Amino acid sequence: MPSDAADPDLPLEVALREPADVDAVLDALAGLWRRHPDVPDVDRFCFETAVAEVAGNAVAHAGAGPAGSTATVRAGIRHAVGPRSAAAQAVGSPAGGSTGTAGRPRRELWAEVVDHGSAVDLAEHGELPADDAVSGRGLALARRSLTHLGVERVGGANHWLLVRLLD
Amino acid sequence: MELDHEVVGPTTAVLRPRGRLTLGAASVLKDALDATVGAGHHLVVVDLGETEFLDSSGLGALVGGLRAARAAGGDLRIARVGGQVRTVLELTTMDRVLVPHETVDDAVGRR
C-alpha cells in the first residue's frame, strides 16, 4: 500500500461515475499541486493528462461492468518504489535507482485506477492513430506521459498503476 | 467549460473554450465547430488562451472540426495555447497538424 507519510491529506480518492467526475479528479490533483508547488510544470502537465485519460477511459467503459459498480482513482506523491510487478502488463521503465541526481531520495507521482470494464490489452494501444482520427489517442497519450503504465486484471476489474518519476 | 463564439469576417469565426476540454465538454465543442462551419464560417480559429486543460477527447473534437472545415474548403487553426495543451499536442505529434499560433490575429492571417 502506498504511503504518503509526509502529507496526511494524501492519497486523494475520487469515485468515477460520469464524465464530470474526470473534472473532480483534476480538481483533486490541483490540491496536490498546491501542497507540492515544487513539482515541475512538465511533470504536472504529463501526470494530470495521463490520469485524466485513464479515468476518462474508465468512465467511458463503465457500462461494461456490473450494474452499480463504481470506478475509483487514488493518487499522490511518494518516495519512488522499486520495479513494478512482473505480473501486470506494463510499458515504460521501472523506477530505477532510489536516489536522484541531487542525491536525494527520488519521488514519484502515482495513481491507481480501478474500473470494472472489460479487460484491456495495452499492446493494442501503443501506437497513435492517423492524423485525421477523432479518437483512439487516449491510452497512447497516457503511455507517452508516464514513466510507467501498467494494468492488471484482478477479480473482474482492471487495476491500473500510473507512475511518473520526479527529480 | 464555457464557449464563446465571435464572427470576425464573412467566412471567419473565433471560438473561445474556457475551462477544461475533457470528456464531457468535447461533444459541446464538436457540435459548435460543426455548426460554425455549417453556417458558412469556413475559417475557424479556436482561441485556447483560456483553455486550462485538453485531453484526447478535446483533441478529437478539434480534429473533427479541422476535417469539417477542410471539407468545406476552409481551415481550423488554434491560437494562444498554454503549457498543458502544448504538451498534449507535442506528445501526440499533432502539433504538426494543428500548428499553434501566437495570437488570434496570426491565426486569422490579419497580420
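Scroll up to find the structure this text is about.
A brief look at the structure comes next. (Residues numbered from 1 in each chain as written. Chains lettered and ligands numbered in written order. Predicted model: local features only at pLDDT ≥ 70, side-chain atom pairs only at ≥ 80, totals over all residues. Heavy atoms only, no water.)

Details of the overall build of chain B
Logical step 1: Assigned secondary structure in chain B consists of four helices and six strands.
Logical step 2: If you list the helices and strands of chain B from N to C, you get β-β-α-β-β-α-β-α-β-α.
Logical step 3: Taking 13 Å as the expected radius of gyration for a compact globule of 111 residues, we find that chain B reaches 12 Å, a close match to that expectation.
Logical step 4: Within chain B, the fraction of its 111 residues that count as buried is 52%. (Helix = DSSP H or I, 4+ residues; strand = E, 2+ residues; numbered from the N terminus. Rg over C-alpha atoms; globule rule 2.2 N^0.38 Å. Buried < 20%, exposed > 50% of the residue type's maximum accessible area, 1.4 Å probe, protein only.)

Quick notes on the nonpolar core
Logical step 1: Judged by nonpolar contacts, the single largest core of 36 residues is most densely connected at L16(A), L29(A), W160(A) and L162(A).
Logical step 2: The residues contacting L16(A), other than those within four sequence positions of it, are D21(A), V22(A), V25(A), A55(A), A58(A), V59(A), T70(A), A71(A), V73(A) and V113(A).
Logical step 3: The next biggest cluster of nonpolar side chains, apart from the first, holds 28 residues, and it includes A25(B), L29(B), V88(B) and L89(B). (Core = buried A, V, L, I, M, F, W, Y, C linked by side-chain atoms within 4.5 Å. Contact = heavy atoms within 4.5 Å.)

Observations regarding the environment of A72(B)
Residues and elements named next belong to chain B.
Logical step 1: Positionally, A72 belongs in the loop between α2 (56–71) and β5 (75–79).
Logical step 2: Given the relative accessible area of 30%, A72 is considered partly exposed.
Logical step 3: Considering only alpha carbons, one finds A72 and A107, 35 residues apart in sequence, at a separation of 18 Å.

Things to note about the environment of A142(A)
Residues and elements named next belong to chain A.
Logical step 1: Secondary-structure assignment places A142 in helix α3 (residues 138–145).
Logical step 2: Counting along the chain gives 90 residues from A142 to A52, while the straight-line C-alpha distance between them is 8.6 Å.
Logical step 3: In this structure A142 touches A50, E53, V54 and L149, once residues within four positions along its chain are discounted.

Topic: the pattern of salt bridges
Logical step 1: Under the criterion given, the structure shown has 18 salt bridges over all chains.
Logical step 2: In this structure, the salt-bridge partner of R107(A) is D38(A), at a minimum N-O distance of 3.0 Å. Of the two residues, R107(A) sits in strand β4 (residues 107–115) while D38(A) sits in the loop between α1 (20–35) and α2 (41–60), which places them 69 residues apart along the sequence.
Logical step 3: Note that D131(A) and R96(B) form a salt bridge whose closest N and O atoms lie 2.8 Å from each other. One end of the pair, D131(A), is in the loop between β4 and α3; the other, R96(B), is in the loop between α3 (83–91) and β6 (100–101), on a second chain.
Logical step 4: Salt bridges sharing partners connect three or more residues here, namely E6(B), R16(B), D47(B) and R80(B). (Salt bridge = Lys/Arg side-chain N within 4 Å of Asp/Glu carboxyl O.)

Focus: α2(B)
Residues and elements named next belong to chain B.
Logical step 1: Here α2 contains 16 residues, and its C-alpha end-to-end distance of 22 Å stays within 8% of the 22 Å for a straight helix at 1.5 Å per residue.
Logical step 2: Most of α2 sits inside the fold, with twelve of its 16 residues counted as buried.
Logical step 3: Those residues of α2 not exposed but buried are S56, S57, G58, L59, G60, A61, L62, V63, G64, G65, L66 and A69.
Logical step 4: Of the residues trailing α2, G73 is marked for its positive phi of about 85°. (Expected span 1.5 Å × (residues − 1).)

A short note on the interface of chain B and chain A
Logical step 1: Contacts between the two partners involve 22 residues from chain B, matched on the other side by 22 residues from chain A.
Logical step 2: Here chain B meets chain A over a buried area of about 1900 Å², counting both sides, of which 65% is carbon and sulfur.
Logical step 3: In terms of surface lost to chain A, no three residues of chain B exceed R20(B), L23(B) and L91(B), which account for 29% of the buried area on that side.
Logical step 4: For the interface between chain B and chain A, the tally reads three salt bridges.
Logical step 5: Put simply, R20(B) and D27(A) hold a salt bridge, and the shortest N to O gap is 2.8 Å.
Logical step 6: The tally of links between chain B and chain A comes to seven residue pairs in polar contact (both at pLDDT 80 or more).
Logical step 7: No other element matches the six residues that α2(B) contributes to the side of chain B that touches chain A.
Logical step 8: Residue classes in the side of chain B that touches chain A are distributed as eight nonpolar, ten polar and four charged. (Buried area = accessible area lost by both parts, 1.4 Å probe. Polar contact = N/O pair within 3.5 Å; in protein donor to acceptor, adjacent residues only side chain to side chain. Nonpolar A, V, L, I, M, F, W, Y, C, P; charged D, E, K, R; others polar.)

Some points on the side chain of Q84(B)
Logical step 1: Turning to its location among the elements, Q84(B) is positioned in helix α3.
Logical step 2: What makes Q84(B) buried here is its relative accessible area of 2%.
Logical step 3: Within the structure, Q84(B) has its side chain in polar contact with the side chain of T49(A) (distance 2.9 Å).
Logical step 4: Not counting residues within four places of it along the chain, the set of residues in contact with Q84(B) comprises F45(A), E48(A), T49(A), E52(B), F53(B) and L54(B).

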